[in-house]
Amino acid sequence: MASLKASTTSVGAVKLDTFRVTRKSSLGLRAPVHVAARKGSPLRSVRCEAGLDVEKKTAALEALEQFKISADRYMKERICIGVIGLSVHTAPVEMREKLAIPDAQWPHAIAELCNLNHIEEAAVLSTCNRMEVYFVALSWHRGIQEIMDWMAKTSGIPVSDLRQHLFILRESDATQHLFTVSSGLDSLVLGEGQILAQVKQVVKTGQLNSGLGKTMDRLFKDAITAGKRVRTETNISSGAVSVSSAAAELALMKLPEESRQSSVNFLLVGAGKMGRLVVKHLASKGVTRIVVVNRSVEKVDALREEMKDIEIIYRPLSEMLDAAAEADVVFTSTASEAPLFVKENVEALPPVSETLGSTRLFIDISVPRNVGTCVSGVKHARVYNVDDLKEVVEANKEDRLRKAQEAEEIINEEVNRFNAWKDSLETVPTIKKLRSYADRIRASELDRCFQKIGDEALTKKVKKAVETLSTSIVNRLLHGPLQHLRCEGGDEKSLAETLENMHALNRMFDLDTEKAIIEQKIKAKVDKSGNKS
């Protein structure tokens, strides 16, 4: 049950009603969800992208320039990590499939997100069960607004409709969410391995292209570490291991027990990764024969080589309906954007055996769906999609909760480790600025000294000796303060002391590093937008 508290937040000149929802997942984990509802005038967002006309680009530059000269008011929001998205827990498959982004388009999506005015870094995690955008924002409220507008534009879903299904998490909550996702605790099937592979794919995609930003790269790599630890240190992966295996279990659950392995005709459409796991799991349950429809025979041949315990019969895609006519259970797992089965051709299929209830099962694990929604209305057909896999998960709910509690301790350790690393980065600008401050004083005093010595007495040897002496003095003086600013981030007490030292040095030498960092990042955004106009 979710608890709801309302508060009003100002974003620019627009007032938002911000609701903080505590959503309790099926695992018993709690995560805050922020949903912004419009009040009064519509939200406005300035985006910089190649398709904008000159007038809009000029407006964007003006907005960023205003942002640059008004950095003080942004100091309250600070640069922060966040995630905004939706999942099988918050949105129906109809909405998720419109927002789904294929792996090959992740780099383009990341580039578009990083071109938004207030987004510094971004990463996209898009699977059949979720679409999530992780980001580093220069301004929290403005960044969220821009990402929601981007999601609305790419999906064709109005922001007002999206907002009802989105969850938004910030800082440690965002980090914990990703680590929980990577560990398989937020999946329909506890500990399923596909999500960890998909998180790894985010890092791999970043490495093959322009790369993720420093914070996003570390965040996702630490999420992979958390996912690996959870799987090796707990028994979380026992039982169902993927969405595909849950689909196979659902099919067997719906069939009469005496006919599950021998007399049932199974058909799989699509021999990709998900389809391969369906075959693998069916074989482990005693199924000895399956027909596989695929565009080419090569993947089916590879399946035969890998799985010797099950007879795999290949049929080309052109014979899909003929194969379906002979099948009692049809699994679909293809990347087709259009439905493969619609009401007309399913109605034309002959009925299945009375011992199976005269009902043909369609189990669709594709997003977008391969079986049209209209097929649900066919009398002798029963359709299941990824949302229906919850039934399989519920069968082991008690065991799930116990393992989730074990895994939470590991996740918390990894979240603390990431947060310590992130906090330790705060000292780097202070170190650089203190060094620069000291070097400016040294250069100024050297110049005065050389003028007093005069050109006649200032030989190269003397000049070199004085420069070396001044450098040595500065280094010796800075050694102590800089040592107290260096921290690996492993010890919480040591990190707290380091940050306290940093703030003290900032005050003593009036370094104002936080504002300098923001101004530097804003300047980079202005320059980037200017180059595109």
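Small disclaimer: the values here were computed from a predicted structure and weren't measured.

A few words on the overall build of the protein. Looking only at helices and strands, the protein features 20 helices and 13 strands. The burial tally for the protein puts 48% of its 533 residues in the buried class. Put simply, 69% of the contacts in the protein that link residues at least 6 apart link residues at least 24 apart. As presented, the protein carries roughly 26,200 Å² of accessible surface, and 51% of it is formed by carbon and sulfur atoms.

So, about the layout of surface pockets. Considered as a void within the structure, the largest pocket measures approximately 1,500 Å³ in volume. In terms of lining, the largest pocket is formed by 49 residues, of which the most central are Asp103, Met274, Thr334, Ala335 and Val367. Residue assignment for the lining of the largest pocket shows that the elements contributing at least two residues are helix H3 (93-99), helix H4 (106-114), helix H5 (140-155), helix H8 (194-208), helix H11 (273-284) and strand E9 (289-294). Here the lining of the largest pocket is composed, by residue class, of 22 nonpolar, 18 polar and nine charged.

Taken in spatial order, the six strands line up as E10-E9-E8-E11-E12-E13 in an open sheet, and their pairing is parallel. Sheet topology places strand E10 (311-316) and strand E13 (381-384) at the edges, where each strand pairs with a single neighbour. The average undirected angle you get between the axes of adjacent strands in this sheet is 20°. Bridge count between strand E8 (residues 266-269) and strand E11 (residues 329-332): four bridges; the pairing is parallel. Counted as the bridge partner of Leu268 is Phe331 from E11.

Another point: the pattern of salt bridges. In this structure the tally under the stated criterion is 20 salt bridges. A salt bridge links Glu413 to Arg229, with the nearest nitrogen and oxygen atoms 3.0 Å apart. Here Glu413, found in helix H16 (residues 397-424), pairs with Arg229, found in helix H9 (residues 214-233); they are 184 residues apart in sequence, far enough to count as distant. One salt bridge in this structure joins Glu319 and Arg315, with 2.7 Å as the shortest N-O distance. Each of Arg218, Asp222, Arg229, Glu233, Glu413, Glu414 and Arg417 takes part in salt bridges that share partners, so that together they form one network.

Right, let's get into the packing of aromatic side chains. In this structure the tally under the stated criterion is six aromatic pairs. Between the aromatic rings of Phe266 and Phe331, the centroid separation amounts to 6.5 Å while the plane-to-plane angle is 20°, which identifies the pairing as stacked. Of this pair, Phe266 sits in strand E8 while Phe331 is found in strand E11, placing the two residues 65 residues apart along the sequence. Each of the two residues, Phe266 as well as Phe331, counts as buried.

So, on to the pairing of E8. Because side chains alternate across E8, one face comprises the buried residues Phe266 and Leu268, and the other comprises Leu267 and Val269, equally buried. Relative to E9, E8 is paired through three bridges, and the arrangement is parallel. Residue Leu267 lies in a different strand from E9, and its bridge partner there is Val291.

Turning our attention to the sheet that holds strand E4 (residues 80-87). In spatial order, the strands read E5-E6-E4-E7; together these four strands make up an open sheet with antiparallel pairing. The open sheet has two free edges, formed respectively by strand E5 (119-126) and strand E7 (167-170), since each of these has just one partner strand. Strand-to-strand twist in this sheet, taken as the mean axis angle between neighbours without regard to direction, amounts to 15°. Both E4 and E7 contribute to a ladder of four bridges, which runs antiparallel. Bridged to Val83 within E7 is Leu169.

At a minimum axis separation of 8 Å, helix H7 (residues 172-182) and H9 run at an interaxial angle of 45°. Relative to H9, H7 is oriented oblique. In this structure, H7 crosses over H9, and the sense of that crossing is right-handed. Counting all contacts with H7, which are made through Thr175, Leu178, Phe179 and Ser182, the residues of H9 involved are Leu219, Phe220, Asp222, Ala223, Ile224, Ala226, Gly227 and Arg231. Each residue belonging to the contact of H7 with H9 can be placed in one class, and the counts come to seven nonpolar, three polar and two charged.

Before going further, it helps to spend a moment on the pairing of strand E12 (residues 360-364). Among the five residues of E12, five are classified as buried, and the element is accordingly described as predominantly covered. Residues Arg360, Phe362 and Asp364 of E12 are buried on one face, and the alternating residues Leu361 and Ile363, pointing to the opposite face, are buried as well. Summarising the sheet, E11 and E12 pair through four bridges and their orientation is parallel. Paired with Phe331 across the strands is Ile363, a residue of E12. When E12 meets E13, the two strands line up parallel, connected through four bridges. Within E13, the position partnered with Leu361 by the bridge is Arg382.

This next bit is on the environment of Lys273. As for its placement among the helices and strands, Lys273 is situated in helix H11. Measuring from C-alpha to C-alpha, the distance between Lys273 and Lys299 comes to 10.0 Å, with 26 residues separating the pair along the chain.

Nonpolar side chains collect at one region of the surface, where Leu469, Ile473 and Leu477 lie side by side and expose about 320 Å² of accessible area between them. Take Leu477: it is sitting in helix H18 (residues 460-483). Judged by relative accessible area, which is 64%, Leu477 ranks as exposed.

Right, let's talk about empty space enclosed by the protein for a bit. With the rule as written, the count across this model stands at three cavities of 30 Å³ or more. Roughly 80 Å³ of internal volume is contained in the largest cavity. Residue lining of the largest cavity: Thr127, Cys128, Asn129, Arg130, Ser187, Glu192, Gln194, Ile195, Gln198, Val243 and Met274, and that is the complete set. For the lining of the largest cavity, the leading source of residues is H8, giving three residues. A breakdown of the residues in the lining of the largest cavity according to their chemical character gives four nonpolar, five polar and two charged.

This part covers unusual backbone geometry. The phi torsion of most residues other than glycine is negative, and most of the peptide bonds are trans. Cis geometry marks the peptide bond from Val367 to Pro368, where omega comes out at 5°. Of note, Pro368 is situated in the loop between E12 and E13. Positioned with a positive phi, Glu171 is a non-glycine residue whose angle comes to about 50°. Residue position: Glu171 is located in the loop between E7 and H7. Given a relative accessible area of 25%, Glu171 falls into the partly exposed group. We note that Ser358 has phi near 60°; this positive angle belongs to a residue other than glycine. If you trace the backbone, Ser358 turns up in the loop between helix H14 (343-347) and E12. For Ser358, a relative accessible area of 18% gives the class buried.

Thresholds applied
- Residues numbered from 1 in each chain as written.
- Predicted model: local features only at pLDDT ≥ 70, side-chain atom pairs only at ≥ 80, totals over all residues.
- Heavy atoms only, no water.
- Helix = DSSP H or I, 4+ residues; strand = E, 2+ residues; numbered from the N terminus.
- Buried < 20%, exposed > 50% of the residue type's maximum accessible area, 1.4 Å probe, protein only.
- Contact = heavy atoms within 4.5 Å.
- Areas by Shrake-Rupley, 256 points an atom, 1.4 Å probe, with all protein chains shown as cover.
- 1 Å grid on protein atoms, 1.4 Å probe; cavity = no way out; pocket = protein on both sides within 12 Å on 5 of 7 lines; lining within 4 Å.
- Points joined across faces, edges and corners; volume = space filled by probe spheres on them.
- Nonpolar A, V, L, I, M, F, W, Y, C, P; charged D, E, K, R; others polar.
- Pairing = 2+ DSSP bridges.
- Axes fitted to C-alpha atoms, helices over the stretch in contact; angles between N-to-C directions.
- Salt bridge = Lys/Arg side-chain N within 4 Å of Asp/Glu carboxyl O.
- Phe/Tyr/Trp six-rings, centres within 6.5 Å; stacked < 30°, edge-to-face > 60°.
- Parallel < 35°, antiparallel > 145°, perpendicular 65-115°, else oblique.
- Left-handed = near helix turned anticlockwise from the far one by under 90°.
- Patch = residues over 30% accessible without salt bridge, like charges linked within 9 Å, V, L, I, M, F, W, Y side chains within 5 Å.

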